[in-house]
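Results of the structural survey
Here's the letter readout for the chains.
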Amino acid sequence: MREVRKLLEGRGLVESPRWHGDRLYFSDWTAGEVLALDPAEGRSEVVARVASLPLCTDRHPDGGMLIVSSADGLLLRRGADGSLSPYADLGRPGWNDIVVDGRGNTYVNRAGSDPMAGEAFAPGSVALVTPDGSVREVADDIAFPNGMAVTPDGSTLIVADSYRHALVAFGIGPDGGLSGRRVWADLGEGTPDGICVDAHGAVWYADVPGRCCARVAEGGAVLDRVDLDRGAFACALGGRDRRTLFVVAAVWRGMTEPGLVTPGSGQVLAVRVEVPGAGRP
């Protein structure tokens, strides 16, 4: 039976795992912290504090960390000294996930309404932040946008639409714009949250209500699955050979429940897989 290793526990709503250098970076939305974890030692440290929920990050091609400060409607950049400075003004609050392609184009998505505040449903969107700092909407009508990934050749952006139980793909144009929208995979009852791509072109998606991570091919065929005892919020392929699937998971209470997850139930898990990661993040 496949071993699922527990690297860290006792956290809150954990999200946005990103492998960089020799460490796993992830966010604890409950604490408003971005952390770096050494998988070999099991030690973690806080590298940024941002009072924001959601709180997602990704890496610019130059290695710098970009942080979505959802509450302020800002995209921040973390300096080498740990200081935070504005990278782009997103114009309004409510932003969720982020991915940066190899040319420095940054994609940030947001829901169209706030279910935690009891707002009526409205579809969400994806915005593009170009390297010069300009911001424009490049996709709309995504029921509830969550995780995003860019394919290894940089040609395609894949977006998890949780409410429509699908992965949606767009072609990335020379100017970073999106076109050619299509359903990359119909997931049936699967509810995708954070995602990552592997070297065979398959996508791993984390599923909170399904309490699992699943690997799917284009079209939706399930190729692999890792079952858990709590909701999986996001996953990333990393490690020296990129064959470790890192999963951030917690006990989900519900969108309208205080704290969203059971306090202290947040964990960082690791499981070995056959196909290495590729693309971004």
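A short tour of the structure in this document, coming up.

Reading the values: rules and limits
Residues numbered from 1 in each chain as written. Predicted model: local features only at pLDDT ≥ 70, side-chain atom pairs only at ≥ 80, totals over all residues. Heavy atoms only, no water. Pairing = 2+ DSSP bridges. Helix = DSSP H or I, 4+ residues; strand = E, 2+ residues; numbered from the N terminus. Axes fitted to C-alpha atoms, helices over the stretch in contact; angles between N-to-C directions. Buried < 20%, exposed > 50% of the residue type's maximum accessible area, 1.4 Å probe, protein only. Core = buried A, V, L, I, M, F, W, Y, C linked by side-chain atoms within 4.5 Å. Contact = heavy atoms within 4.5 Å. Disulfide = S-S within 2.5 Å. Phe/Tyr/Trp six-rings, centres within 6.5 Å; stacked < 30°, edge-to-face > 60°.

**Examining the sheet that holds strand E17 (residues 178-186)**
Read across the open sheet, the four strands follow the order E14-E15-E16-E17; overall the sheet is antiparallel. Of all the strands in the sheet, the pair left with one neighbour each is strand E14 (145-150) and E17. Across this sheet, the average inter-strand angle for adjacent strands is 25 degrees, counted without regard to direction. Taken together, the six bridges between strand E15 (residues 156-161) and strand E16 (residues 166-172) define a ladder with antiparallel strand orientation. Looking across to E16, one finds that Leu157 is bridged to Phe170.

**Observations regarding the pairing of strand E24 (residues 266-272)**
With respect to burial, E24 is a largely interior element, six of its seven residues being buried. With four bridges connecting them, strand E1 (residues 5-11) and E24 associate as antiparallel partners. Bridge assignment links Arg5 to a residue of E24, and that residue is Ala270. Examined bridge by bridge, strand E23 (residues 244-250) and E24 share six bridges and lie antiparallel to one another. Within E24, the residue paired with Ala249 across the bridge is Gln267.

**So, the nonpolar core**
If you look at the biggest cluster of nonpolar residues, it comprises 42 residues, and the most contacted ones within it are Phe26, Ile67, Leu75 and Val268. With sequence-adjacent residues up to four places away left out, Phe26 is seen in contact with Leu8, Val14, Glu15, Ser16, Pro17, Glu33, Val34, Leu35, Leu37, Val248 and Val268.

**Focus: the pairing of strand E20 (residues 212-216)**
Buried residues dominate E20, accounting for five of its five residues. Neither face of E20 is open: one carries Cys212, Ala214 and Val216, the other Cys213 and Arg215, and all of them are buried. Judged from the five bridges that link them, strand E19 (residues 203-207) and E20 form a sheet pairing that is antiparallel. Paired with Asp207 across the strands is Cys212, a residue of E20.

**Some points on the state of the cysteines**
Under the counting rule described, the total for this entry stands at zero disulfides. Cys212 takes part in no disulfide bond, and the closest cysteine sulfur, belonging to Cys213, lies 6.7 Å away. You can call Cys212 buried: its relative accessible area is 2%. On the accessibility criterion, Cys213 (0% relative accessible area) is buried.

**Some remarks on the environment of Ala31**
Position of Ala31 among the secondary structure elements: in the loop between strand E3 (23-28) and strand E4 (33-38). Residues Ala31 and Val168, spaced 137 residues apart in sequence, show a C-alpha to C-alpha distance of 31 Å.

**Quick look at the packing of aromatic side chains**
Evaluation of the coordinates by the stated rule reveals four aromatic pairs. Considering the side-chain rings of Trp19 and Phe246, the 5.4 Å spacing of their centres and the 5 degrees angle between planes classify their relative orientation as stacked. Taken as a pair, Trp19 in strand E2 (residues 14-20) and Phe246 in strand E23 lie far apart in primary sequence, 227 residues in all. Using a relative accessible area of 2% as the deciding quantity, one classes Phe246 as buried. Here Phe121 and Tyr163 contribute two aromatic rings whose centre-to-centre distance is 6.1 Å and whose plane-to-plane angle is 40 degrees, an arrangement assigned as tilted. Residue Phe121 is found in the loop between strand E11 (106-110) and strand E12 (124-129), and its partner Tyr163 is found in the loop between E15 and E16; the two are separated by 42 residues along the sequence. Judged by relative accessible area, which is 40%, Tyr163 ranks as partly exposed. Of the aromatic side chains, those joined through ring pairs into one cluster are Phe121, Phe144 and Tyr163.

That is the geometry; function is a separate question.
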